[in-house]
Amino acid sequence: MPVDIDAGIPETVLTYCGVEIVRGTAEVLEAYAGMPCELCLLRQPRSGAGM
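Residues numbered from 1 in each chain as written. Predicted model: local features only at pLDDT ≥ 70, side-chain atom pairs only at ≥ 80, totals over all residues. Heavy atoms only, no water.

Caption draft 1: Quick look at the overall build of the protein. For the protein, the helix and strand inventory stands at one helix and two strands. What you see in the protein, going N to C, is helices and strands ordered as β-β-α. Its C-alpha radius of gyration of 12 Å places the protein more than 25% over the 10 Å reference for a compact globule of 51 residues. Considering only C-alpha atoms, the protein reaches an extent of 35 × 25 × 20 Å along its principal axes. Carbon and sulfur atoms form 58% of the exposed surface of the protein, whose accessible area is close to 4,700 Å². (Helix = DSSP H or I, 4+ residues; strand = E, 2+ residues; numbered from the N terminus. Rg over C-alpha atoms; globule rule 2.2 N^0.38 Å. Areas by Shrake-Rupley, 256 points an atom, 1.4 Å probe, with all protein chains shown as cover.)

Structure below.
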């Protein structure tokens, strides 16, 4: 799920596919990079959905 970095880095982050990532076990990136898993791609919110 989107994280508000300005509010600080949370202890855990829950991905769209349900994986819980604990702080210190993943990198914080300043820009989009890499490839999310297929399930996260399917579950991500779509811009303009419901319009």
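What follows picks up the thread again.
Caption draft 2: Fine view of the environment of leucine 39. Secondary-structure assignment places leucine 39 in helix α1 (residues 38–43). For the pair leucine 39 and tyrosine 16, spaced 23 residues apart in the sequence, the C-alpha separation amounts to 7.5 Å.

Caption draft 3: Representation of the confidence of the model for the protein within the structure. Here the protein averages 80 in pLDDT, while 90% of its residues score no lower than 70. Predicted confidence in the protein is weakest over α1, with a mean pLDDT of 86, and strongest over strand β2 (residues 20–22), with 91. (pLDDT = per-residue confidence, 0-100.)

Caption draft 4: Fine view of a nonpolar patch on the surface. A contiguous nonpolar surface patch, about 320 Å² in accessible area, is contributed by Val3, Ile5, Ile9 and Val28. Mapped onto the elements of the fold, isoleucine 9 is located in the segment before β1 (12–14). (Patch = residues over 30% accessible without salt bridge, like charges linked within 9 Å, V, L, I, M, F, W, Y side chains within 5 Å. Salt bridge = Lys/Arg side-chain N within 4 Å of Asp/Glu carboxyl O.)

Caption draft 5: Structural detail: the pattern of salt bridges. Scanning the entire structure with this criterion turns up one salt bridge. In this structure, arginine 23 engages glutamate 11 in a salt bridge whose closest nitrogen and oxygen atoms are separated by 2.0 Å. Pair noted here: arginine 23 is in the loop between β2 and α1 and glutamate 11 is in the segment before β1, with a separation of twelve residues, a long-range link.

Caption draft 6: Representation of the side chain of threonine 15 within the structure. Inspection of the secondary structure puts threonine 15 in the loop between β1 and β2. Only 2.9 Å separates the side chain of threonine 15 from the backbone nitrogen of valine 19, close enough to count as a polar contact. (Polar contact = N/O pair within 3.5 Å; in protein donor to acceptor, adjacent residues only side chain to side chain.)

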